[in-house]
Amino acid sequence: DVNCNPDLASNKLSLDEIRDSLIRQEDTIVFCLIERAKFPLNPKLYHRNHGFTGSLVEFIVRETEAIQAKAGRYENPEENAFFPEHLPRPLVHPHKYPKVLHPSGASINMNKPIWDFYFNKFLPLLVADGDDGNYAATAASDLACLQALSRRIHCGKYVAEVKFRDAPHEYEPPIRSQERDSLMKLLTFEAVEEMVRKRVEKKARVFGQEVTLNNTIDGGKYKIDPLLAARLYDEWVMPLTKEVEVEYLLRRLE
Ligand SMILES: O=C(O)C(=O)C[C@]1(C(=O)O)C=C[C@@H](O)C=C1
């Protein structure tokens, strides 16, 4: 189960359960990175000279999101679009998602910073230089990475809700005085972050190894650099998740 959105009917809304979901999402993210790393950078995707508004990748993401919006993707409070303006209405009858989050949480969208770090900082570290012309397939795997990262980072809303419900007396004073730094301190668990970094590095090693039929696993060669996967979490994924948590808590008493 990769949902952060807990099952209210069974009254399960625990930090452990949401952390389990974050752990499961690590698998998704690592596999997405492995898929993207099959292709070289393909820089033409990201240039603004394709006759579209913006780059070819923007065009593909915007159009794909429009189709997925028709299928109801963004009715799920865990999903946030990269181009939320002018999304078409869903054509399907909406599923009833449990209302767990405070309504102000819906306005938090961290996708702009996610887009920026992914394309400008992270991607050049992940993939080889070069152009093999597979623009549509490359853009599809960029979108898979972006959506997996976005979903994980925005799960911070659920993490924050649970932390608030578990200890309202601790969170209310800094929320009332809108103290970001105090909130950041309250919600940070350094030991958990250390486990996340180590586990993601190990997953990149395990999922990205060459699998052969004889027992010797090639120790040295991985499809993505395990240290880069850990760095992705350390430098961007966890800090942005915490940013979502702080933004959510700041609005929690509105
Ligand atoms: O598990 C938590 O408590 C979270 O808030 C999630 C998370 C993370 O992004 O993995 C973020 C902040 C904590 O310091 C530890 C981990």
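Just above sits the structure.
Worth saying up front: this structure is predicted, and the values here are computed from it rather than measured.

Here is what the cut-offs are and how they apply
Residues numbered from 1 in each chain as written. Predicted model: local features only at pLDDT ≥ 70, side-chain atom pairs only at ≥ 80, totals over all residues. Heavy atoms only, no water. Salt bridge = Lys/Arg side-chain N within 4 Å of Asp/Glu carboxyl O. Helix = DSSP H or I, 4+ residues; strand = E, 2+ residues; numbered from the N terminus. Buried < 20%, exposed > 50% of the residue type's maximum accessible area, 1.4 Å probe, protein only. Core = buried A, V, L, I, M, F, W, Y, C linked by side-chain atoms within 4.5 Å. Near = heavy atom within 4 Å. Polar contact = N/O pair within 3.5 Å; in protein donor to acceptor, adjacent residues only side chain to side chain. Areas by Shrake-Rupley, 256 points an atom, 1.4 Å probe, with all protein chains shown as cover. Nonpolar A, V, L, I, M, F, W, Y, C, P; charged D, E, K, R; others polar. Contact = heavy atoms within 4.5 Å. Expected span 1.5 Å × (residues − 1). Bend = angle between axes of the 7 residues up to and from the residue.

A.B. asks: I'd like a rundown of the pattern of salt bridges, residues and numbers included.
C.D. replies: All told, the structure shown has 25 salt bridges when counted by the stated rule. Put simply, Glu26 and Lys203 hold a salt bridge, and the shortest N to O gap is 2.9 Å. Placement of the pair is Glu26 in helix H1 (residues 15-36) and Lys203 in helix H8 (residues 190-207), with a sequence separation of 177 residues. Comparing Glu26 with Lys203 shows no difference in burial state: the two are buried. We note a salt bridge from Arg231 to Glu235, for which the minimum N-O separation is 2.6 Å. With Arg231 and Glu235 both in helix H9 (residues 226-250) and 4 residues apart, this pair spans about one turn of that helix. Salt bridges sharing common partners tie together Glu190, Glu194, Arg197, Lys198 and Asp234.

A.B. asks: Residues and numbers for the environment of Ala71, please.
C.D. replies: Its place among the elements puts Ala71 in the loop between helix H2 (56-70) and helix H3 (111-126). Ala71 sits in the exposed class, given a relative accessible area of 54%. Placed 17 residues apart in sequence, Ala71 and Pro88 show a C-alpha to C-alpha distance of 9.7 Å.

A.B. asks: For the nonpolar core, give the residues involved together with the corresponding values.
C.D. replies: Across soluble globular proteins, nonpolar side chains have a tendency to be buried as a group. Ile114, Phe117, Tyr118, Phe122 and Leu232 are the most contacted members of the largest nonpolar core, which totals 67 residues. Element by element, the count of residues in this core is highest for H9, at 13 residues.

A.B. asks: Can you tell me about the site of the ligand, naming the residues and giving the values?
C.D. replies: The local shell around the ligand holds 14 residues, among which Arg19, Lys163, Phe189, Glu193 and Glu245 are the closest. Arg152 has a polar side-chain atom sitting 2.8 Å from an oxygen atom of the ligand. The separation between an oxygen atom of the ligand and a polar side-chain atom of Lys163 is 2.7 Å. Starting from 360 Å² of accessible surface for the ligand in isolation, the protein chains cover 99%. Broken down by secondary-structure element, the contributors of at least two residues to the shell around the ligand are helix H5 (156-166), H8 and H9. Looking at the shell around the ligand element by element, the count peaks at 4 residues for H9. Grouping the constituent residues of the shell around the ligand by class yields 6 nonpolar, 2 polar and 6 charged.

A.B. asks: Lay out the environment of Glu161 with the relevant residues and their values.
C.D. replies: Residue placement: Glu161 occurs in helix H5. Relative accessible area serves as the criterion here: at 1%, Glu161 is assigned to the buried category. Spatially, the C-alpha atom of Glu161 lies 16 Å from that of Asn109, the residues being 52 residues apart in sequence. Not counting chain neighbours up to four residues away, the residues in contact with Glu161 comprise Val100, Leu101, His102, Tyr248 and Arg252.

A.B. asks: Which residues make up H3, and what values do they have?
C.D. replies: The terminal C-alpha atoms of H3 lie 20 Å apart, and with 16 residues this falls more than 12% below the ideal 22 Å at 1.5 Å per residue. Of all the bends in H3, the greatest, near 40°, is centred on Tyr118. Where H3 is concerned, the buried positions are Asn111, Ile114, Trp115, Phe117, Tyr118, Phe119, Phe122, Leu123 and Leu126. Along its buried surface, H3 packs onto H1, H2, helix H4 (135-154) and H9.

A.B. asks: Outline unusual backbone geometry, supporting the account with residue identities and numerical values.
C.D. replies: For His86, which is not a glycine, the phi torsion comes out positive at approximately 60°. Checked against the element boundaries, His86 lands in the loop between H2 and H3. The exposure class assigned to His86 is exposed, which follows from its relative accessible area of 81%.

A.B. asks: Explain H5 residue by residue, including any values.
C.D. replies: A large share of H5 lies buried, amounting to 9 of its 11 residues. By the burial criterion, the buried members of H5 are Gly156, Lys157, Tyr158, Val159, Ala160, Glu161, Val162, Lys163 and Phe164. Check the buried side of H5 and you find it contacts H1, H4, helix H6 (168-176), helix H7 (180-187) and H9.

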